[in-house]
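# Fold and geometry: a report
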Amino acid sequence: AASDVYKRQIISSDGLNSKYTFENFVQGSSNLYAYTAAEQVANHPGESNNPLFIYGNSGLGKTHLLNAICYEVKKKFPDMNILYIRAEQFVNEFMQALQYKTTDEFHDKFRNSIDLLLIDDIQFIAGKERVQEEFFHTFNSLYEDGKQIIISSDTPPRDIPFLEDRLKSRFEWGLLADISVPDYETRLAILRKKAQDESIIIDDFILSNIANKIDSNIRAVSYTHLRAHE
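Residues numbered from 1 in each chain as written. Predicted model: local features only at pLDDT ≥ 70, side-chain atom pairs only at ≥ 80, totals over all residues. Heavy atoms only, no water.

Now for the overall build of the chain. Secondary structure summary: the chain contains ten helices and five strands in total. Within the span of the chain, comprising 230 residues, buried residues form 47% of the whole. Long-range pairs, those at least 24 residues apart, make up 78% of the contacts in the chain between residues at least 6 apart in sequence. (Helix = DSSP H or I, 4+ residues; strand = E, 2+ residues; numbered from the N terminus. Buried < 20%, exposed > 50% of the residue type's maximum accessible area, 1.4 Å probe, protein only. Contact = heavy atoms within 4.5 Å.)

What follows is the structure in structure tokens.
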């Protein structure tokens, strides 16, 4: 049955990165609150901070934390059914369900077969009336059943344009945790970790110069960028 197939898909492979764990996350004053909240949810899913809504500009670590929660929950609660998905994929799957008249299977996947839903870049559903209606009922179903919901966005719920007020309200029921631009020390620590992970030998003075020039998207510093300064 379709529901059995969905139940076997404990973690969606879409976007998951095995390097994105709590151990590999560089903490700093800009992300400590979100990191702590993510750890608490991973240790006690469905018990508090539900939903957990993490927001911040692109490249600051939101996806890393969502991935880390996936891996930690799977390690500590191996029987839990986990689904990590990007909002764009949620939209596409819903559109396909409407087209092929498989909404029952869609509902079973998102409402009945999972214990933990992590959805990245929720702002993508804004302005899409049918999708927002669907996610509203999905959210309600999971929440009423005590299932953990974790959402990320580039802005807090109230600032997402064209998002229905009833969704904004529900997203604020739990805990809002922001990730801001990291300070110099955190940026330098992230660059050091990045170089170490990629086995790049690079002078600390050069890393310091790069850290001074970055003021927003730390993810923008690519492997190639670091290798060019090696």
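Glancing now at the side chain of Asn31. Relative to the helices and strands, Asn31 is located in the loop between helix H1 (2–8) and helix H2 (32–43). On the basis of relative accessible area, Asn31 is assigned to the buried category, the value being 3%. In this structure the side chain of Asn31 is engaged in a polar contact, spanning 2.9 Å, whose partner is the backbone nitrogen of Gly28. Residues within four places of Asn31 in sequence aside, it is in contact with Phe25, Val26 and Ile179. (Polar contact = N/O pair within 3.5 Å; in protein donor to acceptor, adjacent residues only side chain to side chain.)

Here we take up the nonpolar core. Core analysis: the largest hydrophobic core is formed by 28 residues, its most contacted members being Ile122, Ile125, Phe135, Ile151 and Phe171. Taken together, the elements giving at least two residues each to this core come down to strand E1 (52–55), strand E2 (82–86), helix H4 (87–99), helix H5 (103–112), strand E3 (116–120), helix H6 (129–144), strand E4 (148–153) and helix H7 (165–171). (Core = buried A, V, L, I, M, F, W, Y, C linked by side-chain atoms within 4.5 Å.)

Running from N to C, H2 and helix H3 (residues 62–76) cross one another at 25°; their axes reach a closest spacing of 9 Å. As the angle between them shows, H2 and H3 are arranged roughly parallel. Where H2 crosses over H3, the two elements pack in a sense that is right-handed. Taken together, the residues of H3 that come into contact with H2 (itself represented by Ala34, Tyr35, Ala38, Ala42 and Asn43) are Leu65, Ile69, Glu72, Val73 and Lys76. Residue composition of the contact of H2 with H3, grouped by class: seven nonpolar, one polar and two charged. (Axes fitted to C-alpha atoms, helices over the stretch in contact; angles between N-to-C directions. Parallel < 35°, antiparallel > 145°, perpendicular 65-115°, else oblique. Left-handed = near helix turned anticlockwise from the far one by under 90°. Nonpolar A, V, L, I, M, F, W, Y, C, P; charged D, E, K, R; others polar.)

Moving on to empty space enclosed by the protein. Summed over the entire model, instances satisfying the criterion amount to one cavity of 30 Å³ or more. Of the pockets and cavities examined, the largest cavity occupies roughly 30 Å³. As for the largest cavity, its lining consists of Ser30, Asn31, Leu60, Ile179, Ser180, Pro182, Thr186 and Ile190. Its residues assigned to classes, the lining of the largest cavity shows four nonpolar, four polar and no charged. (1 Å grid on protein atoms, 1.4 Å probe; cavity = no way out; pocket = protein on both sides within 12 Å on 5 of 7 lines; lining within 4 Å. Points joined across faces, edges and corners; volume = space filled by probe spheres on them.)

Our focus in this paragraph is the pairing of E1. By the alternation rule, side chains of E1 split into Leu52 and Ile54 and Phe53 and Tyr55, which are all buried. Sheet topology note: the E1/strand E5 (residues 175–178) ladder contains four bridges and is parallel. Bridge pairing in E5 links Tyr55 to Asp178. (Pairing = 2+ DSSP bridges.)

Taken together, the five strands give an open sheet; going across it, the order is E2-E3-E4-E1-E5, and neighbouring strands pair in parallel fashion. The open sheet is flanked by E2 and E5, the only strands paired with a single partner. Adjacent strand axes in the sheet meet at a mean angle of 15°, parallel and antiparallel pairs treated alike. Examined bridge by bridge, E1 and E4 share four bridges and lie parallel to one another. Following the sheet pairing, Tyr55 is matched in E4 by Ser153.

So, on to the environment of Asn49. Structurally, the position occupied by Asn49 is in the loop between H2 and E1. Residues within four places of Asn49 in sequence aside, it is in contact with Ala37, Gln40, Val41, Gln148 and Leu175. A polar contact is formed between the side chain of Asn49 and the side chain of Gln40, at a distance of 3.2 Å.

The next subject is the packing of aromatic side chains. In the structure shown here, the tally under the stated rule is 13 aromatic pairs. With a centroid separation of 5.5 Å and an interplanar angle of 20°, the aromatic rings of Phe25 and Tyr35 are classed as stacked. Taken together, the residues Phe25 in the loop between H1 and H2 and Tyr35 in helix H2 connect sequence positions ten residues apart. The same class applies to Phe25 as to Tyr35, namely buried. Measuring from centroid to centroid gives 5.0 Å for Tyr143 and Trp173, while their planes differ by 50°, and the two rings are tilted. Placement of Tyr143 in helix H6 and of Trp173 in the loop between H7 and E5 is noted, with a sequence separation of 30 residues between them. By relative accessible area, which is 32% here, Tyr143 ends up partly exposed. A connected cluster of aromatic rings, assembled from ring pairs, spans Phe53, Phe90, Phe94, Phe106, Phe110, Phe135, Phe139, Tyr143, Phe171 and Trp173. (Phe/Tyr/Trp six-rings, centres within 6.5 Å; stacked < 30°, edge-to-face > 60°.)

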